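For reference, the chains in residue letters:
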Number of protein chains: 2
Amino acid sequence: MDKKKIRIKDIAQLAGVSVGTVDRVIHKRGRVSDEALEKVLKTLHEIDYKPNLIARTLGSSKTYRIAALIPDPSLDEYWHQSFQGINHAQEEWAQYDFRLETFFFNLYDRNSFKKVAEAVLESEPDGVLISPVFYHEVLPFFELLKDRNIPYVLFNTNIPEVQPLTFIGQDLFESGKVGAELLHLQQKGAGTFAILHINENSLNSVHLLEKEKGFKEYFRENAPDARVLVLELNSQEEASVEKAIGMLLQNTELAGILVTTSKGASLVSDMLQAHGKDSIRLVGYDLLEENIKYLKAGIIDFLINQNPKRQAFLGISHLANYLLLRKEPPQQDLFPLEIITKQNLRSYLESGIH
Amino acid sequence: MDKKKIRIKDIAQLAGVSVGTVDRVIHKRGRVSDEALEKVLKTLHEIDYKPNLIARTLGSSKTYRIAALIPDPSLDEYWHQSFQGINHAQEEWAQYDFRLETFFFNLYDRNSFKKVAEAVLESEPDGVLISPVFYHEVLPFFELLKDRNIPYVLFNTNIPEVQPLTFIGQDLFESGKVGAELLHLQQKGAGTFAILHINENSLNSVHLLEKEKGFKEYFRENAPDARVLVLELNSQEEASVEKAIGMLLQNTELAGILVTTSKGASLVSDMLQAHGKDSIRLVGYDLLEENIKYLKAGIIDFLINQNPKRQAFLGISHLANYLLLRKEPPQQDLFPLEIITKQNLRSYLESGIH
DNA sequence: TAAAAAAATGTGTGCGCACACATAGCAAAT
DNA sequence: ATTTGCTATGTGTGCGCACACATTTTTTTA
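Residues numbered from 1 in each chain as written. Chains lettered and ligands numbered in written order. Predicted model: local features only at pLDDT ≥ 70, side-chain atom pairs only at ≥ 80, totals over all residues. Heavy atoms only, no water.

1. Describing the protein's contact with DNA strand C
Looking at DNA strand C, there are 23 residues lining it, with S18 and S33 of chain A together with R29, Y49 and R56 of chain B nearest. For DNA strand C, a phosphate oxygen lies 2.5 Å from a polar atom in the side chain of Y49 of chain B. Within the backbone of N52 of chain B, one N or O atom sits 3.2 Å away from a phosphate oxygen of DNA strand C. Elements that contribute at least two residues to the surface near DNA strand C include exactly α2 (19–26) and α4 (53–60) of chain A together with α4 (53–60) of chain B. Residue composition of the surface near DNA strand C, grouped by class: nine nonpolar, eight polar and six charged. (Near = heavy atom within 4 Å. Polar contact = N/O pair within 3.5 Å; in protein donor to acceptor, adjacent residues only side chain to side chain. Helix = DSSP H or I, 4+ residues; strand = E, 2+ residues; numbered from the N terminus. Nonpolar A, V, L, I, M, F, W, Y, C, P; charged D, E, K, R; others polar.)

2. Description of the relation of the copies chain A and chain B
Between the two copies, chain A and chain B, the superposition gives an RMSD of 0.1 Å; the rotation angle is 180° and the shift along the axis is 0.0 Å. A rotation of that kind, with that shift, is consistent with a two-fold axis. Looking at chain A, 100% of its interface residues are interface residues in chain B too, so the copies touch through the same face. (Least-squares fit on C-alpha atoms with pLDDT ≥ 70 in both. Contact = heavy atoms within 4.5 Å.)

3. With respect to the protein's contact with DNA strand D
The environment of DNA strand D is made up of 23 residues, and the closest members are R29, Y49 and R56 of chain A together with S18 and S33 of chain B. A share of 70% is what sugar and phosphate atoms reach among the atoms of DNA strand D within 4 Å of the protein. Side-chain polar atom of Y49 of chain A to a phosphate oxygen of DNA strand D: 2.5 Å apart, as the coordinates give it. The separation between a phosphate oxygen of DNA strand D and a polar main-chain atom of S33 of chain B is 2.6 Å. Among the elements of the structure, α4 of chain A together with α2 (19–26) and α4 of chain B are those that each provide at least two residues to the surface near DNA strand D.

4. Description of the environment of E161 of chain A
All names here are of chain A. Tracing the sequence through the fold places E161 in the loop between β4 (152–155) and β5 (166–169). Looking at E161, the relative accessible area reads 49%, which means it is partly exposed. Linking E161 and L139, residues 22 residues apart in sequence, is a C-alpha distance of 9.7 Å. (Buried < 20%, exposed > 50% of the residue type's maximum accessible area, 1.4 Å probe, protein only.)

5. What to know about the packing of helix α11 (residues 264–274) of chain A against helix α12 (residues 289–297) of chain A
To describe two helices that pack against each other, one gives the angle between their axes and the distance between the axes. Residues and elements named next belong to chain A. Their axes nearest at 9 Å, the elements α11 and α12 cross at an angle of 40°. At the point where α11 passes α12, the crossing takes the left-handed sense. Counted together, A265, S266, S269, D270 and Q273 of α11 and E290, N291 and Y294 of α12 form the full contact between these two elements. Class assignment for the residues of the contact of α11 with α12 results in two nonpolar, four polar and two charged. (Axes fitted to C-alpha atoms, helices over the stretch in contact; angles between N-to-C directions. Left-handed = near helix turned anticlockwise from the far one by under 90°.)

6. Notes on the UniProt feature "domain: HTH lacI-type" (unreviewed entry) in chain A
UniProt annotation of "domain: HTH lacI-type" (unreviewed entry) refers to residues 6–60 of chain A when read in the numbering used here. As annotated, residues 6–60 of chain A comprises 67% helix and 0% strand, and the C-alpha atoms at either end are separated by 21 Å. (UniProt positions renumbered as here; feature names shortened; annotations may be inferred.)

7. Here's the deal with the environment of G246 of chain B
Residues and elements named next belong to chain B. With respect to the helices and strands, the residue G246 is situated in helix α10 (residues 238–251). Since its relative accessible area comes to 7%, G246 is described here as buried. For G246 and I150, which are 96 residues apart along the polypeptide, the C-alpha to C-alpha distance reads 49 Å. Not counting residues up to four positions away in its chain, the partners in contact with G246 are M271 and H275.

8. Side note on the side chain of N344 of chain B
One can find N344 of chain B in the loop between β12 (338–340) and α14 (345–350). A distance of 3.0 Å separates a polar atom in the side chain of N344 of chain B from the backbone oxygen of I339 of chain B. Beyond its immediate chain neighbours, meaning those up to four positions away, N344 of chain B contacts V178, E181, L337 and I339 of chain A together with I339 of chain B.

Below is the structure:
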């Protein structure tokens, strides 16, 4: 049971070479004779050598620089929470020589993203954390990162084909199913259920479409005779969106509504109250201030928490671990679909990062 | 923006003393003149010095030993999951010189706990992780640990008055409220709701009583005319417990049942099926295999996840951080009350430690 | 066959800290 | 006045690794 720490020195002794040679073998720096190579590899294999990551980082003392690309947090509470996660990670890793540079772009302006992406490349970071909102604009960016051998971590939205270091977020298809289930709970009979995409550019709708698919799939499986309505309300003017929601509420006898965008739920809550229809079940996303208010008031029945703060936090952590300690992160880090109600809300607000 | 790393050496230079003196001041080893002390403290205050924890651990290379005291995992799936968390933590911290020694006791035998506690003391660990099931037996144990200056971390059940290094777990009062809410969702009218304590020694019932209080509180606040039944079924023989449940089901028109012990829910599920009463809403605790089965089958409607694996994992991590890196953990680490349904179940099973 | 070039191998140093140990300074005891 | 016995202060070393550099061995070339 006494597994003493094996050092490079020990390996060297066992293999009958010097530490320098062992070092060269471990780091594949070449300049080693076949004979020595074999000896070292052999003992390296026999003894299960694990380098002391602590000592490793001590010596180098290189300052790593991570760039984080997210939508402007001052314009959107959801992204503000992501930003908090990034800042939290920075504190957590302050020990080490890390410089975290955050780049903001406008969520509704693909050109702003392009510009910012360029700036990131110019800054020559050692790693990148990004929420790839603009699919088409992001692809060439990843190409360039790949060329420069800069690892990148995706969060919030996944694009598996660009082979990021890792992805952090939720399974949005499953998320749509959970949303549907929460609307359908204890709803006897068929009824009509609506899924609303509000105020999100349709360009980055992969996101929303996944939820929609899951939503439909749930009813197909569990209540085939339920009616499913899909509405996409993309107008920039709030008034026209409100009007559309109003019409929906007047003309249709709804059993429940799922709002796929985190900001949309409060708008729908307003309308439900205005039309005296707050018995309609409403499910939204994320612990935004407004959403919390309506959840407490009983207008919103459930929120699905995407935990943006933790997503960003873990994104940075995975990068830091990879760069600093050479720890490979898992292929993807899928978060559970957290269901928030009036009663367990507090436990979520009070608990730290989970 | 360029905050170069400040080392002890720098402090020494600024204060006009040697590193040795600075070291003595930092570690309060005494043997420093008032004059020098003041100088060092002053610069130490001006410059915000943060020791490099990495370098600190490198030098010492002391082997820390942590003792974990938990109920025998081979007898109980819930504790098995805790055990997994402990093992996971061990892997995570394998880097460092850690030895994790796990001590098991019988959940139903206070004497076995006493014996094990003694063994722990004899092993002279540097830190202790424990789930304090037996309140009275555990108090003198903590006294002894305090005498010996051994830090201890509690998880699962809290005993704030013994002032542990930290506590990790859930707010059980809130948990009872959430359980009640889940039973009451969309239940029009008053109805009768039962809370069942099954097969848990009443000795460690602080646990269960807290949930019960929250349960009652919910109905007091939200449905004062609902009827609340409390049943405690402590018999060792399963048959007699089943009989009691059967009688309950036959004689009472129930709207919902909350089972406070993780193992109890599957028993109740059985009985609900046997009596053809599976429309009664059932809420239980934790992702035990049996519970998962009944949740998928729709007999159990919701599970509240206590996340024993993560509890234990974080317990060890907090201890390790404290011992190795001298990081003070938060006073308590409260977990959110996770609601599991048929639809989001998979996301919880697939996600790693969250 | 000697000299030069190239390849293989070995040695030394620093990273920042903790701690053991060495030395300086200074007062009390002889 | 010299020694002893303190305290205050300074110096040196090791932790395990990475990497620069020095040295040895082998190969090539004249």
